[in-house]
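Structural features, examined
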Amino acid sequence: MDARTFLGLESTHNPYRWALPVSPGVCTPGGFLFGGCGLGAAIEALEGTTGRPVVWATAQYLSYARPPEVLDLDVVVAVTGHQVTQARAVGHVADREVITVNAALGHREIPHEGTWAAMPEVPPPSECERRELRINTDGDTLPDRLDVRLAIGRGLAELPGPGAPGGRSALWAKLPEVLDMSSASLAILGDYVPFGIGQALGLRAGGNSLDNTLRVGRMVSTGWVLLDIRVHQVVNGFGYGDVHLWSEGGVLLGTASQSTIVRTWRELAER
């Protein structure tokens, strides 16, 4: 299964319009479309329309989409160059705009490259406990389709407690149904800064994403992805951070970054 099938994204007779039925399998336990799935679907639509791979994509989240709604994604190609395409995808339910994604797509061959970020030393996935969810689900939401394990950080029973040193935490994650790693897969897995905010504060907290940006690195085959989460700041009710996405072999697959409305779990439960 590829990411497009995992998400349930459908092409239409119009090559610039795609449709995402909002099923529980792409939603949070709270019953709304998971932000990373929205970005992933937009990336698949942009790549499918332009025929070029995403270099960079950023999503602005404007409202919620819930089952059984259908999110229509309209692709607009602004500029097509010899090597780079600039485009956007606007996701809406009827006339209600839900997500706007801007992106650059393309590929360039140059003789120079390097990676200067460093993968943290963590136990392998087989030695890490599965992350416990704060909400009991019916078994059909997105978290039920993921295998996520705690590599650096505190488990549910250990919160509240001391905040993560340096605002850093880490999770091993994989999409058991997806065989091939892709930009859309990274978008789904990269949406974990809210988890890191709770770890950094040492609280049962997280939040809702205002935006999510993915920059794609070298794509290699990997079963597990290490989510190396770094929270930079929480201030004025908002939190900021990024996620380096590493293959099991230490290849930097990409980097995600987010701005988040910080909320305690009690506030989230009341929404």
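In short, a report on the structure.

1. Considerations on the nonpolar core
Residues Leu39, Leu71, Leu227 and Leu245 are the most contacted members of the largest nonpolar core, which totals 60 residues. Counting residues per element, this core draws most heavily on helix H2 (residues 35-50), which supplies 7 residues. One finds Val122, Cys128, Trp172 and Leu226 within the second-largest nonpolar core, a separate group that totals 9 residues.

2. Let's talk about the pairing of strand E12 (residues 252-264)
Looking at chain direction, strand E9 (residues 205-216) and E12 are connected through 11 bridges and run antiparallel. Bridging across to E12, serine 209 finds its partner in threonine 260. Note that strand E11 (residues 238-247) and E12 share 9 bridges and pair antiparallel. Within the sheet, the bridge partner assigned to glycine 241 lies in E12 and is glutamine 258. Counting the residues that bridge the hairpin from E11 to E12 gives 4 residues, and of these glycine 250 lies at a positive phi of roughly 90°.

3. Re the environment of valine 75
Following the sequence through the fold, valine 75 ends up in strand E4 (residues 70-80). In sequence terms valine 75 and arginine 131 are 56 residues apart; their C-alpha atoms lie 36 Å from each other. Not counting the four nearest positions on each side in its chain, valine 75 is found in contact with Tyr16, Trp18, Ala45, Leu46, Thr49, Arg88 and Ala89.

Each value, and the rule that gives it
Residue positions within a chain follow its written sequence, with the count starting from 1. Given that this is a predicted model, residues contribute local features only at a pLDDT of at least 70 and side-chain atom pairs are listed and counted only at 80 or more, while totals for whole chains, interfaces and linings are drawn from all residues. Hydrogens are left out, water is left out, and the side-chain values use all remaining heavy atoms of the structure. What we call a nonpolar core is a set of buried Ala, Val, Leu, Ile, Met, Phe, Trp, Tyr and Cys residues that are connected through their side-chain atoms within 4.5 Å. For each residue, the accessible area found with a 1.4 Å probe, counting protein chains only, is set against the maximum for its type, and the residue is called buried under 20%, exposed over 50%, and partly exposed in between. A helix here means a DSSP run of H or I that spans at least four residues, while a strand means a run of E at least two residues long, and both kinds are numbered starting from the N terminus. By the convention used here, strands pair only if DSSP detects at least 2 bridges between them. Residue contacts are defined here by distance: any two heavy atoms, one from each residue, within 4.5 Å place the two residues in contact.

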